Each structure stands twice: as C-alpha cells, then as structure tokens.
Amino acid sequence: MRITCGTDIIEIERIKQCIENLKDRFLQRVYTETEINYCESKKEQRFQHYAARFAAKEASFKAISSKLEDKYSLSWRDIEVQNDKQGRPQLRVLGIDLGQAIDIDVSISHCKDYAVANVVIIWND
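What you are looking at is a predicted structure, and each value in this text was computed from that prediction instead of being measured.

Looking at the packing of helix H1 (residues 12–22) against helix H4 (residues 46–64)
Then, in step 1: Axis separation between H1 and H4 bottoms out at 9 Å; the angle between their running directions is 105 degrees. The angle between the axes of H1 and H4 places the two elements in the roughly perpendicular class. Every residue of H4 that contacts H1 at Ile12, Ile15, Lys16, Ile19 and Glu20 is listed here: Phe47, Gln48, Tyr50, Ala51 and Phe54.

Given below as structure tokens:
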C-alpha cells in the first residue's frame, strides 16, 4: 500500500481576475459544466467556490503525478469536484484510469482571500 498527497493554496482574487478577463475561455478550459453550475449557484460567493475547486484540481494533480507518464496526461477537466448529499466534496477522475487507487479523499476550505485543498490517495501497489 502507498499513500500520496497533494496540497494547494490559491488567492481567490487571482481566480476572479482570470474569470473576469478571460470569461468562458477560462471557465471552459478549467471547469466541467457540473462545477460551473455549482459555483454560479453560489452568486456572490462564486469566486471562492471556483478557487476552491481550482485548488482541489491542483492538489489532485500533485497526488496523482507519480502515476502519470508525463504532466500532459491529465487536463483540468479530467478532475471534477462534486459534493455528496451531505455537502462534502468528492473527486471524480474522468481522464485516466486510477485502477490501483483504493480511496481518494479531498478536503477544501476558503475564506475571504484564499482557498486551500488537500487530496490524499491510497494506492494498492
């Protein structure tokens, strides 16, 4: 058994500027439709939720990177952050087979200025 982890922190203002400057180009490159719909439903808090999902994707890349042939094997939209029925974030990996992954856990948080995420994967090696 092997455990990998990834952590990321991002300034919410940086994500807000990307969305405002690049609009749909940025959103369509980074987020799935499910993520966009969720974040947009948060109205005034949407940038915090976009930033938290961005951080979760970055943390996921870090946790998965040892299993990738190269850094281009996985794209932003290959990782999707969804909430379960209790509102807890869950990761869906869409782009690659993580057949050896036993469990994936994600934790995200945000405040006024920053969003942070931590991803832990347990592998059956």
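Now that the structure has been shown, we can carry on.
Here's the deal with the state of the cysteines
Then, in step 1: According to the stated counting rule, one finds 0 disulfides in the structure shown.
Then, in step 2: Between Cys39, a cysteine without a disulfide, and Cys18, which holds the nearest cysteine sulfur, the sulfur-to-sulfur distance is 14 Å.
Then, in step 3: Taking relative accessible area as the criterion, Cys39 reaches 0% and is therefore assigned buried.
Then, in step 4: Here Cys111 is not cross-linked by a disulfide; its sulfur's nearest cysteine counterpart is in Cys39, at 16 Å.

Notes on the packing of aromatic side chains
Then, in step 1: Under the counting rule described, the total for this entry stands at 4 aromatic pairs.
Then, in step 2: An aromatic cluster of three or more residues is present, and its members are Phe26, Tyr31 and Tyr50.
Then, in step 3: Between the NZ or CZ atom of Lys67 and the centre of the ring of Trp123, over which it lies, the distance is 4.7 Å.

What to know about helix H3 (residues 33–40)
Then, in step 1: Those residues of H3 that fall on the buried side of the exposure criterion are Glu35, Ile36 and Cys39. In a view along the axis of H3, the buried residues occupy a sector of 100 degrees, so they form one face of it.
Then, in step 2: Lining the buried residues of H3 we find helix H2 (24–30), H4 and strand S2 (79–83).

Points about the pattern of salt bridges
Then, in step 1: Applying the stated criterion across every chain, the model contains 5 salt bridges.
Then, in step 2: A salt bridge links Asp8 to Lys62, with the shortest nitrogen-to-oxygen separation between them at 3.2 Å. Of this pair, Asp8 sits in strand S1 (residues 2–11) while Lys62 sits in helix H4, and the two are 54 residues apart along the sequence.
Then, in step 3: With its nearest N and O atoms 4.0 Å apart, the salt bridge here joins Glu40 to Arg46.
Then, in step 4: Accessibility expressed as a relative area gives 34% for Glu40, which makes it partly exposed.

Here's the deal with the pairing of strand S3 (residues 89–93)
Then, in step 1: Pairing of S2 with S3 involves 5 bridges; the strand directions are antiparallel. Across the sheet, the residue bridging to Val81 is Leu91, located in S3.
Then, in step 2: The antiparallel hairpin formed by S2 and S3 contains 5 residues in its connecting segment, where Gly87 sits at a positive phi of about 90 degrees.

Remarks on the environment of Val120
Then, in step 1: By the element assignment, Val120 lies in strand S5 (residues 114–123).
Then, in step 2: Val120 gets classed as partly exposed once you look at its relative accessible area, which sits at 28%.
Then, in step 3: When the C-alpha positions of Val120 and Ile64 are compared, they lie 9.4 Å apart, and in sequence the two are 56 residues distant.
Then, in step 4: Those residues in contact with Val120, other than ones at most four positions away along the chain, are Ile3, Thr4, Cys5, Asp103, Ile104 and Asp105.

Notes on the sheet that holds S1
Then, in step 1: Overall, antiparallel pairing links the 3 strands, which are arranged S1-S5-S4 in an open sheet. On the outer flanks of this sheet lie S1 and strand S4 (101–110), each paired with one strand and no other. For this sheet the average axis-to-axis angle between neighbouring strands, irrespective of direction, equals 10 degrees.
Then, in step 2: Looking at chain direction, S4 and S5 are connected through 9 bridges and run antiparallel. When the bridges of S5 are listed, Asp105 appears paired with Val120.
Then, in step 3: Set on the sheet, H1 makes contact with S1, S4 and S5; between it and S1 the angle comes to about 70 degrees.
Then, in step 4: Lying on the sheet, H4 is in contact with S1, S4 and S5; it crosses S5 at an angle near 35 degrees.

What counts and what doesn't
- Residues numbered from 1 in each chain as written.
- Predicted model: local features only at pLDDT ≥ 70, side-chain atom pairs only at ≥ 80, totals over all residues.
- Heavy atoms only, no water.
- Axes fitted to C-alpha atoms, helices over the stretch in contact; angles between N-to-C directions.
- Helix = DSSP H or I, 4+ residues; strand = E, 2+ residues; numbered from the N terminus.
- Parallel < 35°, antiparallel > 145°, perpendicular 65-115°, else oblique.
- Contact = heavy atoms within 4.5 Å.
- Disulfide = S-S within 2.5 Å.
- Buried < 20%, exposed > 50% of the residue type's maximum accessible area, 1.4 Å probe, protein only.
- Phe/Tyr/Trp six-rings, centres within 6.5 Å; stacked < 30°, edge-to-face > 60°.
- Lys NZ or Arg CZ within 6 Å of the ring centre and 35° of its normal.
- Arc of directions from axis to C-beta.
- Salt bridge = Lys/Arg side-chain N within 4 Å of Asp/Glu carboxyl O.
- Pairing = 2+ DSSP bridges.

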